[in-house]
2 protein chains.
Amino acid sequence: MSNAASRIGVQGMGKGKVTIKDVAKVAGVSTGTVSYALAGDPRINEKTRKLVEEAAHKLNYIPNEVGRSLRSRKTETIAFVIPNTSSHVFSHPYFLKLLEGITEVLEEYSYNLQISTTPSEKEEAKAYDKILRSNRVDGIILSSASLKDRNILRMVESGFPVVYLGKWHHEEVLTVERDDFRGAYEAASHLAGLGRRRIVHISGPLDHQESVDRLEGYKQALSDHQILYDASLVVEKDFSREAGAAAVEELRAANVRYDGIFAGNDLMAIGALKQLKRMNIAVPEEVSVVGFDDIDMADAVTPELTTVHQPMREIGRMAAEKLLAVLQDREVPEKRSIVSTRLIIRESCGGQPQ
Amino acid sequence: MSNAASRIGVQGMGKGKVTIKDVAKVAGVSTGTVSYALAGDPRINEKTRKLVEEAAHKLNYIPNEVGRSLRSRKTETIAFVIPNTSSHVFSHPYFLKLLEGITEVLEEYSYNLQISTTPSEKEEAKAYDKILRSNRVDGIILSSASLKDRNILRMVESGFPVVYLGKWHHEEVLTVERDDFRGAYEAASHLAGLGRRRIVHISGPLDHQESVDRLEGYKQALSDHQILYDASLVVEKDFSREAGAAAVEELRAANVRYDGIFAGNDLMAIGALKQLKRMNIAVPEEVSVVGFDDIDMADAVTPELTTVHQPMREIGRMAAEKLLAVLQDREVPEKRSIVSTRLIIRESCGGQPQ
DNA sequence: AAATGAAATTGAATCGATTCAATAATAAAA
DNA sequence: TTTTATTATTGAATCGATTCAATTTCATTT
């Protein structure tokens with residue numbers, strides 16, 4: 001059946017698979033002893049342990065993780081769940097960084113990572129249920145999602161070990177958050193500090209908490225600089241480059257005048273830069289632009305993009321560490337972790353590094 | 001122990017987990033019948049099947065996948081393995097596209113995806129063995145790696161279901177490949193066609209097959225345009241932006257003159273663009289630049305990058321389809337699939353779309 | 001030398017499904 | 001009605017580990 005399953009054969013496979021029974025037989029002990037010995041249980045006599053280890057090594061024994069999981073009720077696997085949003089998260093560069101951070105930590109602890117996107121809307125609830133209850137994973141890192149998503153709510157509040165990447169309205173939930181408000185505040189403040197008075201904000205979807213927080217930070221910065229909030233300067237878009245370009249185009253069509261843009265993320269900022277260039281509007285001379293994320297490409301565009309740096313890799317690391325702490329019954333130092341952002345001054349705003 | 005494992009509780013969880021026994025009891029049949037019924041086995045009478053389905057639904061039964069896997073020897077999970085290379089693949093944008101393609105297909109078939117990076121060199125062989133033999137996954141999609149990597153060899157030739165993303169020297173191995181030679185040939189030919197005569201090639205690491213093929217394509221193009229191959233115009237780098245910039249800097253230091261650059265990938269091309277700008281060398285007027293990959297950001301830089309498009313998402317899809325065909329004992333139309341590339345003309349080469 | 005206690009080991013039960021071989025129920029043919 | 005097929009269902013075995021409770025071994029104390 002399984003085509004050529006052992007055509008060449010991995011070292012030590014012999015005729016069939018090597019199980020714990022084989023090891024027990026060779027070592028001349030019971031399977032129980034083998035299990036304890038290989039787990040390093042102190043009950044087992046040092047000499048016996050050595051014996052078992054030798055036998056295991058000789059047979060090139062690799063435990064069947066499925067058998068192990070069934071009995072011990074642990075899979076040593078966690079899922080990284082990416083909710084099914086209109087703007088598919090995969091297309092966002094920062095996602096890679098997150099993944100990088102997560103895998104680094106998991107490797108360290110020999111945990112496995114499962115990537116779970118969710119299938120099309122239909123049966124979505126079922127899909128989540130399956131992740132929670134099919135016993136395939138021990139815990140979940142959940143990428144932030146729409147505030148309206150009921151399934152996320154169920155997931156986070158199910159009692160299943162979850163770390164949520166974003167703000168959650170409930171104290172008990174484990175989260176790793178960015179300080180979106182402060183990041184946005186600093187970005188907008190910087191623009192205001194440069195003398196910009198009509199600052200556009202290209203917002204991400206406002207059913208996402210981070211978009212809301214960034215908008216609030218922007219508003220606060222305006223207020224602190226005695227700039228009146230003008231709703232016509234705020235456009236809600238979807239985090240994509242195309243949306244950034246479209247926003248600028250729409251502003252032109254609506255004849256809105258402005259001297260600064262604070263975009264809700266770098267992709268939109270880059271899209272905006274492009275459109276401004278097409279319209280022959282000089283950046284930063286006529287319009288200053290600031291983004292959010294500090295993706296790798298932020299300093300590859302012309303002019304180099306001033307932006308709010310978020311340590312996505314670190315966030316990934318923290319989330320994984322936190323989840324593993326729970327799974328391994330270790331101390332979790334803090335339920336909510338808030339990582340701070342930092343404004344990176346480049347060319348697109350026309351300012352100087354402080 | 002498991003902190004608040006059922007503090008809130010998912011719908012239908014009741015006091016404990018719902019197993020197949022519970023369903024059997026409620027439906028008034030044996031567990032065997034439940035199993036067959038839910039699997040849609042034709043042996044089971046229609047009426048009984050309905051009965052079982054109702055019971056399962058009422059109890060909100062979700063099968064324990066671990067139990068299932070143990071007996072049936074199928075996990076419905078595949079691994080995407082990213083070999084541990086110096087230039088960590090995660091940092092490359094095209095990786096995301098690959099992942100996107102893979103997950104799309106897996107979703108369709110309700111398969112799970114495990115991401116396996118490999119830990120630091122030590123124990124790497126062991127790590128691979130574990131993937132192959134711990135029974136956690138049914139098959140593997142293997143990202144291309146160094147030609148020298150012995151572990152990859154073992155993995156691909158183990159007889160375990162593997163799809164390799166790249167060229168393999170053995171007919172029997174399932175692969176999805178780009179036509180690197182042809183892509184490079186077209187890129188370099190285009191430059192030559194524009195009258196460029198001293199064309200630099202910034203190559204990726206030459207222990208990677210794709211780098212070799214691209215170099216060969218470049219050489220062939222030169223030859224076909226009566227341009228003598230000049231080894232001093234070829235520099236071997238590591239696929240990173242920094243490396244691209246460094247290459248240009250080194251050429252300057254060595255006083256090499258050139259009027260075109262064909263970079264082994266877009267990141268290096270973008271790094272080169274940046275360095276050329278710093279050195280006040282006009283692109284495309286003085287030097288034409290062409291990249292490889294067509295990452296999302298290729299048209300975000302200034303000037304927009306001419307490059308060889310590879311359908312990474314499609315490659316991901318094809319690899320997943322191919323692997324699933326094997327796992328589900330379906331027909332595999334072709335062992336080797338070669339997807340073609342296509343030159344995308346933008347601003348950085350100074351040419352016109354044909 | 002017997003009794004006691006501690007340490008080491010064993011063997012069976014268990015986890016939750018699938019699947020095999022045996023049996024029961026039903027329908028068709030003799 | 002009995003026999004033969006055919007269809008449905010069952011119950012137990014099985015997958016490969018972990019883990020519980022019981023037992024054996026060994027060292028120590030009386």
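(A) Structural detail: the relation of the copies chain B and chain A. The operation relating chain B to chain A is a screw motion whose rotation component is 180°, with 0.0 Å of axial translation and a residual RMSD of 0.0 Å. Both chain copies can therefore be described as sitting about a two-fold axis. When the interface residues of chain B are mapped onto chain A, 100% of them again lie at the interface, so the same face is used by both copies.

(B) Seen up close, the nonpolar core. Core analysis: the biggest nonpolar cluster contains 96 residues, and Tyr258 and Ile261 of chain A together with Tyr258 and Ile261 of chain B have the highest contact counts within it. Those residues in contact with Ile261 of chain B that lie beyond four places of it in its chain are Leu191, Val200, Ile202, Val248, Ala272, Leu276, Val287, Ser288, Val289 and Val290 of chain B. Counting residues in each nonpolar core, the second largest holds 56 residues, with Ile78 and Ile115 of chain A together with Val163 and Met312 of chain B among its members.

(C) The sheet that holds strand S3 (residues 139-143) of chain A, seen in detail. Spatially, S11(A)-S5(A)-S4(A)-S3(A)-S1(A)-S2(A)-S2(B)-S1(B)-S3(B)-S4(B)-S5(B)-S11(B) is the arrangement adopted by the 12 strands of the open sheet, whose pairing is mixed. Bordering the open sheet on either side are strand S11 (336-339) of chain A together with strand S11 (336-339) of chain B, each of which pairs with just one other strand. Shown here is a sheet whose adjacent strand axes are inclined to one another by a mean of 20°, direction ignored. Pairing analysis gives four bridges linking strand S3 (residues 139-143) of chain B to strand S4 (residues 162-165) of chain B, with the strands arranged parallel. From the neighbouring strand, Ser143 of chain B faces S4 of chain B, where its bridge partner is Leu165 of chain B.

(D) Representation of the interface of chain B and chain A. On the side of chain A, 65 residues touch chain B, which itself brings 64 residues to the contact. Around 6200 Å² of area is buried between chain B and chain A when both sides are counted, 53% of it from carbon and sulfur atoms. Applying the counting rule to chain B against chain A returns eight salt bridges. Here Arg241 of chain A and Asp299 of chain B are joined by a salt bridge, their closest N and O atoms 2.8 Å apart.

(E) How the structure looks around the protein's contact with DNA strand D. Around DNA strand D, 25 residues are found, and the nearest of them are Ile20 and Ser35 of chain A together with Thr33, Thr48 and Arg73 of chain B. Considering DNA strand D, the proportion of its atoms within 4 Å of the protein that are sugar or phosphate atoms stands at 64%. One of the side-chain N or O atoms of Tyr36 of chain A is found 2.8 Å from a base nitrogen in DNA strand D. Of all the secondary structure elements, the ones that give two or more residues to the surface near DNA strand D are helix H2 (31-39) and helix H4 (65-72) of chain A together with helix H2 (31-39) and helix H4 (65-72) of chain B. The element that contributes the greatest number of residues to the surface near DNA strand D is H4 of chain A, accounting for five residues. Of the residues contributing to the surface near DNA strand D, the split by class is 10 nonpolar, 10 polar and five charged.

(F) Molecular detail of the protein's contact with DNA strand C. Taken together, 25 residues form the shell around DNA strand C, and within it Thr33, Thr48 and Arg73 of chain A together with Ile20 and Ser35 of chain B come nearest. Atoms of DNA strand C within 4 Å of the protein: sugar and phosphate make up 63%, bases the balance. One of the backbone nitrogen or oxygen atoms of Ser30 of chain A is found 3.0 Å away from a phosphate oxygen of DNA strand C. Take Arg71 of chain B: an N or O atom from its side chain is 3.3 Å from a base oxygen of DNA strand C. Those elements that place two or more of their residues in the surface near DNA strand C are H2 and H4 of chain A together with H2 and H4 of chain B. The biggest single contributor to the surface near DNA strand C is H4 of chain B, with five residues. Partitioning the surface near DNA strand C into residue classes produces 10 nonpolar, 10 polar and five charged.

(G) Broad picture of the domain arrangement of chain A. Along its sequence, chain A is organised into domain 1 (20-63), domain 2 (77-179 + 313-339) and domain 3 (180-309). Of note, the centres of domain 1 of chain A and domain 2 of chain A, computed from C-alpha atoms alone, are 36 Å apart.

(H) Spotlight on the pairing of strand S8 (residues 260-263) of chain B. Residues and elements named next belong to chain B. Burial of S8 is two-sided: the residues Gly260 and Phe262 facing one way and the residues Ile261 and Ala263 facing the other way are all buried. In terms of strand pairing, S8 meets strand S9 (residues 288-293) through three bridges, oriented parallel. If you follow Gly260 over to S9, its bridge partner there is Ser288. Handedness of the β-α-β unit built from S8, helix H11 (residues 266-278) and S9 comes out right-handed.

Reading the values: rules and limits
Residues numbered from 1 in each chain as written. Chains lettered and ligands numbered in written order. Predicted model: local features only at pLDDT ≥ 70, side-chain atom pairs only at ≥ 80, totals over all residues. Heavy atoms only, no water. Least-squares fit on C-alpha atoms with pLDDT ≥ 70 in both. Contact = heavy atoms within 4.5 Å. Core = buried A, V, L, I, M, F, W, Y, C linked by side-chain atoms within 4.5 Å. Buried < 20%, exposed > 50% of the residue type's maximum accessible area, 1.4 Å probe, protein only. Pairing = 2+ DSSP bridges. Helix = DSSP H or I, 4+ residues; strand = E, 2+ residues; numbered from the N terminus. Axes fitted to C-alpha atoms, helices over the stretch in contact; angles between N-to-C directions. Buried area = accessible area lost by both parts, 1.4 Å probe. Salt bridge = Lys/Arg side-chain N within 4 Å of Asp/Glu carboxyl O. Near = heavy atom within 4 Å. Polar contact = N/O pair within 3.5 Å; in protein donor to acceptor, adjacent residues only side chain to side chain. Nonpolar A, V, L, I, M, F, W, Y, C, P; charged D, E, K, R; others polar. Domains from an automatic or database assignment. Right-handed = clockwise from strand over helix to strand, strands pointing away.

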